[in-house]
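Observations on the model geometry
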Amino acid sequence: MAVKLFERVESGKGLFAVETISLIYNALTSILILLLFQRMDHPGIMLLERLSIVVLTLVLIYLYQAFPCRITAFIRMIVQMSLLAYWYPDTFEFNRLFPNLDYLFARAEQALFNCQPSVEFARCCPSIWFSEPFNMGYFFYYPMMLIVVIYYFVKRFEWFEKICFVLITSFFVYYFIYILLPVAGPQFYFPAIGMDKVNACIFPPIGDYFNTNDYLIPGPGFDHGFFFNLVEASQEIGERPTAAFPSSHVAISTIVMIMAWRVSHKLAYCLLPFYILLCCATVYIQAHYLIDSIVGFFSAFFVYQIVTLMYKRWFISPVFKLVD
């Protein structure tokens with residue numbers, strides 16, 4: 001049955017749960033900007049950008065109140081999700097001020113596995129037959145989210161607000177961790193110290209090196225591959241030396257898989273190959289240490305439960321209802 005995009009929807013007249021949590025994150029990081037104002041690179045611009053997000057949110061609320069239907073509800077949700085592309089690199093503006101902790105994670109990796117798995121993985125699997133599938137999985141991160149969100153919008157509209165809230169709030173939980181825990185990952189840390197030190201198992205602290213340097217090592221694998229080039233292009237645009245521990249790629253994609261499984265086992269099975277490739281790719285392309293991905297996987301179940309409980313306790317009342 002075709003979805004009636006302009007079907008009227010009855011819901012609360014105020015903020016959606018997603019917008020509420022986004023504004024809370026906006027306010028908390030604005031306070032942090034004010035506290036660190038003298039040390040930050042462009043705090044005034046960051047505050048103006050946050051004000052613009054507030055204005056945009058209010059405009060979308062007005063639009064929805066004027067035309068309360070499925071499509072305007074979807075626009076309100078999808079705009080907040082698209083703003084994650086702003087909030088992610090924004091974490092770097094904070095943690096660049098603090099001493100980098102990659103040396104601790106590289107040392108832990110060496111102690112646990114007696115090697116650097118990200119280096120050995122790429123070294124053992126250099127061909128296009130590994131490179132392209134792994135890069136395809138990594139690139140599929142956002143499309144996989146979008147597929148699940150649209151599936152809920154079409155098939156389970158009454159749960160649409162809830163899953164958007166769980167997804168976005170989960171991102172914000174990890175973003176707070178990234179602000180306070182400055183870990184850049186192998187693709188930034190290894191070129192900063194030099195591969196000669198990596199091969200010699202020497203992992204020195206580099207202080208606030210990334211405050212003024214953000215060189216990103218090219219990814220391993222077949223450098224003429226289609227998906228390799230897509231991942232490289234996306235990283236050149238949006239990647240920053242931040243957000244390595246725990247891996248949000250693994251954590252959020254695990255939460256997405258939980259959502260998919262709860263609504264449709266067939267959908268989950270269809271996404272499973274991309275999910276597995278994505279999890280492997282986080283280490284293969286050297287975006288993360290292996291311990292980042294392991295902690296990302298296990299933390300996802302805890303974060304999912306906590307964020308779901310938050311929704312049930314605070315926002316259970318404003319569920320969507322279709323108007324006959």
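Everything numeric in this text was worked out from a predicted model, so none of it was measured.

Some points on the overall build of the protein
- Across its full length, the protein holds 15 helices and 2 strands.
- At 21 Å, the protein has a C-alpha radius of gyration in line with the 20 Å of a compact globule built from 324 residues.
- For the protein, the C-alpha atoms occupy an extent of roughly 70 × 50 × 35 Å along the three principal directions.
- For the protein, with 324 residues in total, the buried portion stands at 52%.

Digging into the layout of surface pockets
- Looking at the largest pocket, its volume works out to about 700 Å³.
- Along the walls of the largest pocket sit 32 residues, with A85, Y88, Y141, Y142 and H249 positioned nearest its centre.
- Elements supplying a minimum of two residues to the lining of the largest pocket: helix 3 (70-82), helix 4 (84-95), helix 7 (128-139), helix 8 (141-155), helix 9 (160-180), helix 10 (186-193), helix 12 (226-238) and helix 13 (248-263).
- Per-element accounting of the lining of the largest pocket gives the leading share, 5 residues, to helix 12.
- Of the residues assigned to the lining of the largest pocket, the class counts are 21 nonpolar, 9 polar and 2 charged.

What to know about helix 13
- End to end, helix 13 covers 22 Å across 16 residues, agreeing with the expected 22 Å (1.5 Å per residue, within 8%).
- Among the 16 residues that make up helix 13, 14 are buried, leaving the element largely enclosed by the rest of the structure.
- A distance of 3.4 Å separates the backbone nitrogen of H249 from a side-chain oxygen at the start of helix 13, and that oxygen is part of S247.

Section: empty space enclosed by the protein
- Evaluation of the coordinates by the stated rule reveals 1 cavity of 30 Å³ or more.
- Of the pockets and cavities examined, the largest cavity occupies roughly 60 Å³.
- Lining the largest cavity, in full, are N95, R96, F98, N100, P182, A184, G207, D208, Y209, F210, N211 and P241.

Describing the environment of R39
- If you trace the backbone, R39 turns up in the loop between helix 1 (17-35) and helix 2 (43-66).
- If sequence neighbours within four positions are ignored, R39 has contacts with L97 and F98.

What about the side chain of Q286?
- Along the chain, the position of Q286 falls in the loop between helix 14 (265-284) and helix 15 (290-314).
- In this view, Q286 contacts S118, V119, A122, G185, P186, Q187, I217 and P220; residues no more than four positions away in its chain are not counted.

Things to note about the environment of I168
- Among the structural elements, I168 can be located in helix 9.
- Judged by relative accessible area, I168 falls into the buried class, the value being 0%.
- Taking the C-alpha atoms as reference, I168 lies 27 Å from L216; in sequence the two are 48 residues apart.
- The contact partners of I168, leaving out residues within four places of it in the chain, are V18, I21, S22, Q80, M81 and L84.

Here's the deal with the side chain of N26
- Position of N26 among the secondary structure elements: in helix 1.
- Beyond its immediate sequence surroundings of up to four residues, N26 is in contact with R50, I53, V54 and W87.

Describing the packing of helix 1 against helix 4
- At their nearest, the axes of helix 1 and helix 4 sit 11 Å apart, and the two run at 25° to each other. Taken together, the axes of helix 1 and helix 4 are roughly parallel relative to one another. Two packed elements cross with a definite hand, and for helix 1 against helix 4 that hand is left-handed. Residues Y25, N26, T29, L32 and I33 of helix 1 lie in contact with helix 4, whose contacting residues are W87, T91 and F94.

Quick notes on the nonpolar core
- F160, F165, L167, Y175, I252 and M259 are the most contacted members of the largest nonpolar core, which totals 69 residues.
- Looking at this core element by element, the count peaks at 13 residues for helix 9.
- Non-local contacts of I252, meaning those with residues more than four positions away in its chain, are made with Y141, M145, L167, S170, F171 and Y174.
- Listed in part, the 20 residues of the second largest apolar core include Y189, I193, V198 and A244.

A few points about the packing of helix 1 against helix 3
- The N-to-C vectors of helix 1 and helix 3 enclose an angle of 30°; their axes lie 10 Å apart at closest approach. Between helix 1 and helix 3, the interaxial angle falls into the category roughly parallel. At the point where helix 1 passes helix 3, the crossing takes the left-handed sense. Judged by residue contacts, V18, E19 and S22 of helix 1 engage R76, M77 and Q80 from helix 3.
- Each residue belonging to the contact of helix 1 with helix 3 can be placed in one class, and the counts come to 2 nonpolar, 2 polar and 2 charged.

Focus: the state of the cysteines
- All chains considered together, the criterion is met by 0 disulfides.
- The cysteine C115 is free of any disulfide, with C201 supplying the nearest cysteine sulfur at 8.9 Å.
- By relative accessible area, C115 is classed as partly exposed at 23%.
- With no disulfide of its own, C280 lies 6.9 Å from the sulfur of C279, the closest cysteine sulfur.
- Exposure remark for C280: the relative accessible area of 30% places this residue in the partly exposed category.

The rules behind these values
Here the residue index of a chain counts from 1 through its sequence in written order. pLDDT decides what is reported in this predicted model: residues at 70 or higher carry local features, side-chain atom pairs at 80 or more are listed and counted, and totals for whole chains, interfaces and linings draw on all residues regardless. The side-chain numbers reported here are obtained from all heavy atoms of the structure, hydrogens and water having been left aside. What counts as a helix is a DSSP run of H or I of at least four residues, what counts as a strand is a run of E of at least two, and both are numbered from the N terminus. Each radius of gyration reported is based on C-alpha atoms, and the globular scaling rule is 2.2 Å times the count of residues to the power 0.38. The buried label goes to any residue with under 20% of its type's maximum accessible area, the exposed label to any with over 50%, and the partly exposed label to all in between, with areas taken from a 1.4 Å probe on protein chains only. Definitions used for this entry: grid spacing 1 Å over protein atoms alone; cavity, a set of points where a 1.4 Å probe fits but cannot get out; pocket, an open set with protein on both sides within 12 Å along at least 5 of 7 lines; lining residue, one with an atom within 4 Å of a point. Grid points are joined across faces, edges and corners, and a volume is the space filled by probe spheres set on the points. Charged means Asp, Glu, Lys or Arg here, nonpolar means Ala, Val, Leu, Ile, Met, Phe, Trp, Tyr, Cys or Pro, and polar covers whatever is left, Gly included. A helix's residues, less one, multiplied by 1.5 Å, set its expected span. Definition of a polar contact: a pair of N or O atoms within 3.5 Å, with one able to donate and the other able to accept a hydrogen when the atoms are protein atoms, and with sequence-neighbouring residues admitted only if both atoms are side-chain atoms. It only takes one pair of heavy atoms within 4.5 Å for two residues to be counted as in contact. Every angle, taken between N-to-C directions, lies between 0 and 180 degrees, and every axis is a line fitted to C-alpha atoms, over only the stretch in contact when it is a helix. Should an angle fall under 35 degrees it is called roughly parallel, over 145 degrees roughly antiparallel, and 65 to 115 degrees roughly perpendicular, with every other angle called oblique. Whether a crossing is left-handed or right-handed is set by the direction in which the near helix is turned from the far one by less than a right angle, anticlockwise for left-handed and clockwise for right-handed. Nine residue types can take part in a nonpolar core, namely buried Ala, Val, Leu, Ile, Met, Phe, Trp, Tyr and Cys, and a core is a set of them joined through side-chain atoms within 4.5 Å. Cysteine sulfur atoms that pair up within 2.5 Å are treated as a disulfide.

Functional significance is not addressed by these values, which are geometric in nature.
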